[in-house]
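# Reading the structure
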Amino acid sequence: MLVSGGELLLRARREGYAVGAFNIQNLEGLWAVTGAAVEERSPVIVAISPGAIRYGGLRLLATAVRTVAEDLPVPLALHLDHGEDLETVSRCLEAGFTSVMIDGSHLPFQENVALTRKAVELAHQKGVSVEGELGRLAGMEEKSVEEREALLTDPAQAEEFVRLTGVDALAVSIGTSHGAYKFKGEPRLDFERLKLVRERVEVPLVLHGASSVPPWAVEKASRYGAQLPGAKGIPEEHLKRAISLGIAKVNIDTDLRLAFTATVREVLATSPGEFDPRKILGPAREAMKEVVREKMRLFGSSGRAVG
Ligand code: G3H
Ligand code: 13P
Ligand code: ZN
């Protein structure tokens, strides 16, 4: 069933687990993510970025997700990921999204507040919850203390941001970044900062850039021709700790892309006579589904769709 994103996160925060938000761009992703949610009996957030909208078309993607959600025996929220502007937010509200993110994290504080507050006004009129972001996601290595301070979420500012904007969830920067190259050295997250934000902020917290970049996927892709030297993600133990400190939504995209394309490479290399897309994309979709299932178990959302 289709549910409000805010509801899913409030329950997760109350009960101490996190809901995964999985990015999709097409039907393969949608089947993988919803199939995993059903098998794990887990609530799930299907995330669609502006890039995915440009690739797949807003109406088509939204209709597909809403159609699948109708008969789904587990709760699903349809979420705009990294909404760039109010026009995108409005279009997604019209298309039936049940959660939207407005990402003003690149703006000066007051401008971020102003943009986010307008998105909250638009979305709340329709009963849709809003995620804002404070702090920038960027590699933290080779940065000075001052540069790190400027990028990471400031706990006092976070409290003010939530109060001034009325957001329902807050994405924080504690040392993660998007993509497959998150660290050159040891993975490090600023858990102390997360604790301080949690003490000051009531709404559920969100962790972007949370892919683990599993070695098996990098090895499999590399065996069949990919070049991903130095790819490194967030260790699973770090994710567990972040969830124990109050993260209620964990965003995953890169790991799904890696699992999918590593498997496409494998099938093409090992079955060179194959040209039926279903025989190539089917195994890739399965690999993606298995990754989503593992995340749901790790985040503690498995089995939460009942009772
Ligand atoms: O955080 C961004 C997501 O991974 C979406 O990426 O903009 O390439 O669709 P995208
Ligand atoms: P990853 O690139 O680590 O998967 O992060 C995805 C994300 O934050 C989507 O908003
Ligand atoms: Zn993100």
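Up top is the structure these notes are about.
The rules behind the values
- Residues numbered from 1 in each chain as written.
- Chains lettered and ligands numbered in written order.
- Predicted model: local features only at pLDDT ≥ 70, side-chain atom pairs only at ≥ 80, totals over all residues.
- Heavy atoms only, no water.
- Near = heavy atom within 4 Å.
- Polar contact = N/O pair within 3.5 Å; in protein donor to acceptor, adjacent residues only side chain to side chain.
- Areas by Shrake-Rupley, 256 points an atom, 1.4 Å probe, with all protein chains shown as cover.
- 1 Å grid on protein atoms, 1.4 Å probe; cavity = no way out; pocket = protein on both sides within 12 Å on 5 of 7 lines; lining within 4 Å.
- Sits in = over half its atoms within 2 Å of the grid points.
- Nonpolar A, V, L, I, M, F, W, Y, C, P; charged D, E, K, R; others polar.
- Pairing = 2+ DSSP bridges.
- Helix = DSSP H or I, 4+ residues; strand = E, 2+ residues; numbered from the N terminus.
- Axes fitted to C-alpha atoms, helices over the stretch in contact; angles between N-to-C directions.
- Contact = heavy atoms within 4.5 Å.
- Buried < 20%, exposed > 50% of the residue type's maximum accessible area, 1.4 Å probe, protein only.
- Right-handed = clockwise from strand over helix to strand, strands pointing away.
- Core = buried A, V, L, I, M, F, W, Y, C linked by side-chain atoms within 4.5 Å.
- Donors = N, O, S within 2.8 Å, 3.2 Å for Na, K, Ca; no water.

The subject of this paragraph is the site of ligand 2. Every one of the 14 residues lining ligand 2 counts as a neighbour, but Asp 81, Lys 182, Ser 211, Asp 253 and Thr 254 are closest to it. In this structure, His 208 approaches ligand 2 through a side-chain N or O atom, which is 3.1 Å from an oxygen atom. Contact distances for ligand 2 include 2.6 Å between an oxygen atom and a side-chain N or O atom of Thr 254. Bound to the protein, ligand 2 loses 97% of the 310 Å² it would expose on its own. Cavity membership is defined here by more than half of the atoms lying within 2 Å of grid points; on that basis ligand 2 lies in the largest pocket. Split into classes, the residues belonging to the shell around ligand 2 amount to 2 nonpolar, 9 polar and 3 charged.

Turning next to the sheet that holds strand β5 (residues 129-134). Whether parallel or antiparallel, the strands of a sheet pair through hydrogen bonds between backbone atoms. Pairing within the closed barrel is parallel, and its 8 strands lie in the order β1-β2-β3-β4-β5-β6-β7-β8. This sheet shows a mean twist of 25 degrees between the axes of neighbouring strands, independent of strand direction. Where strand β2 (residues 44-48) and strand β3 (residues 76-83) come together, 5 bridges link them in parallel fashion. Bridge pairing in β3 places Ile 45 opposite Ala 77. In the packing of helix α9 (residues 191-200) onto the sheet, the strands contacted are β6 (169-172), β7 (205-207) and β8 (247-252), and the crossing angle to β7 comes to about 155 degrees.

Next up on the list: the pairing of strand β1 (residues 19-23). Counting buried positions along β1 gives 5 out of 5 residues, so the element sits mostly inside the fold. Covered by surrounding structure in β1 are Val 19, Ala 21 and Asn 23 together with Gly 20 and Phe 22, the residues of both alternating faces. One ladder, built from 4 bridges, connects β1 with β8; its direction is parallel. Residue Ala 21 lies in a different strand from β8, and its bridge partner there is Asn 251. The sheet contact formed by β1 and β2 spans 3 bridges and is parallel. Bridged to Ala 21 within β2 is Ile 45. Regarding topology, helix α2 (residues 27-40) serves as the crossover connection from β1 to the parallel β2, and that connection is right-handed.

Right, let's talk about the nonpolar core for a bit. Phe 22, Ile 48, Phe 97, Val 100, Leu 170 and Phe 299 are the most contacted members of the largest nonpolar core, which has 79 residues in total. When residues of this core are assigned to their parent elements, the largest contribution, 9 residues, is made by helix α13 (residues 277-299). Sequence-distant contacts of Leu 170, that is, excluding residues within four places in its chain, are made with Gly 132, Glu 133, Leu 134, Ala 158, Phe 161, Val 162, Val 201, Val 203, Pro 204, Leu 205 and Val 206.

All right, on to the coordination of the zinc ion (ligand 3) then. Those donors, His 82 (NE2), His 178 (NE2) and His 208 (ND1), are the protein atoms that reach the zinc ion (ligand 3), and they lie 2.0 to 2.1 Å from it. Each donor residue of the zinc ion (ligand 3) belongs to the same chain, with the gaps between them written as H-x95-H-x29-H. Here the residue His 82 occupies a position in strand β3, and His 178 occupies one in the loop between β6 and α9, the gap between them amounting to 96 residues. Note on His 82: relative accessible area 17%, which makes it buried. On the basis of relative accessibility, which here comes to 46%, the residue His 178 falls in the partly exposed class.

This paragraph deals with the environment of Leu 30. Turning to its location among the elements, Leu 30 is positioned in helix α2. Here the alpha-carbon distance between Leu 30 and Val 68, two residues 38 residues apart in the chain, equals 8.5 Å. Ignoring sequence-local partners within four residues, the contact set of Leu 30 consists of Ile 24, Val 46, Ala 64, Val 65 and Val 68.

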